[in-house]
Amino acid sequence: MAIPSNEGAQLFGQHCIGCHLNGGNIIRRGKTLKLAALEKNGILSAADISVIAANGKGQMGAYGDVLGSAGINSVAEYVWQQALTNWPS
């Protein structure tokens, strides 16, 4: 299990937290970043999160051009680790 980089947390704070505060989702309540919701939606790893963050899905826009592959991977690792630990504050 990789330890999320500080970069992932910083990028999440800059680009994702507006819709995903504490792993929630202000647009679609069932599409949170909580582990149960991720698993229910077939998202089972940081790699799965990377694909969605890079390319977008549904109402979520693509961030691949904004974050680049390294940034996408950092954010995905951060999100996955937070989900595994129930989004501690």
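The rules behind the values
Residues numbered from 1 in each chain as written. Predicted model: local features only at pLDDT ≥ 70, side-chain atom pairs only at ≥ 80, totals over all residues. Heavy atoms only, no water. Patch = residues over 30% accessible without salt bridge, like charges linked within 9 Å, V, L, I, M, F, W, Y side chains within 5 Å. Areas by Shrake-Rupley, 256 points an atom, 1.4 Å probe, with all protein chains shown as cover. Salt bridge = Lys/Arg side-chain N within 4 Å of Asp/Glu carboxyl O. Lys, Arg positive; Asp, Glu negative; His and termini not counted. Charge placed at Lys NZ, Arg CZ, Asp CG, Glu CD. Helix = DSSP H or I, 4+ residues; strand = E, 2+ residues; numbered from the N terminus. Expected span 1.5 Å × (residues − 1). Bend = angle between axes of the 7 residues up to and from the residue. Buried < 20%, exposed > 50% of the residue type's maximum accessible area, 1.4 Å probe, protein only. Contact = heavy atoms within 4.5 Å.

Peer 1: When you look at a positive patch on the surface in this model, what are you seeing that I'm missing?
Peer 2: On the surface, Arg 28, Lys 31, Lys 40 and Lys 57 cluster together to form a positively charged patch. The residue Lys 40 is located in helix 3 (residues 35-40) in this model.

Peer 1: Would you explain helix 5 (residues 64-84) in this entry?
Peer 2: Given 3.6 residues to a turn, an α-helix orients residues that are three or four positions apart in the same direction. Look at helix 5: only 24 Å from first C-alpha to last across 21 residues, short of the 30 Å you get at 1.5 Å a residue. Ala 70 marks the point of greatest bend in helix 5, at about 75 degrees. Buried within helix 5 we find Leu 67, Gly 71, Ile 72, Ser 74, Val 75, Ala 76, Tyr 78, Val 79, Trp 80, Gln 81, Gln 82 and Ala 83. The inward-facing, buried residues of helix 5 contact helix 1 (6-15), helix 3 and helix 4 (46-55). One or two residues past the end of helix 5 sits Asn 86, with phi positive at roughly 60 degrees.

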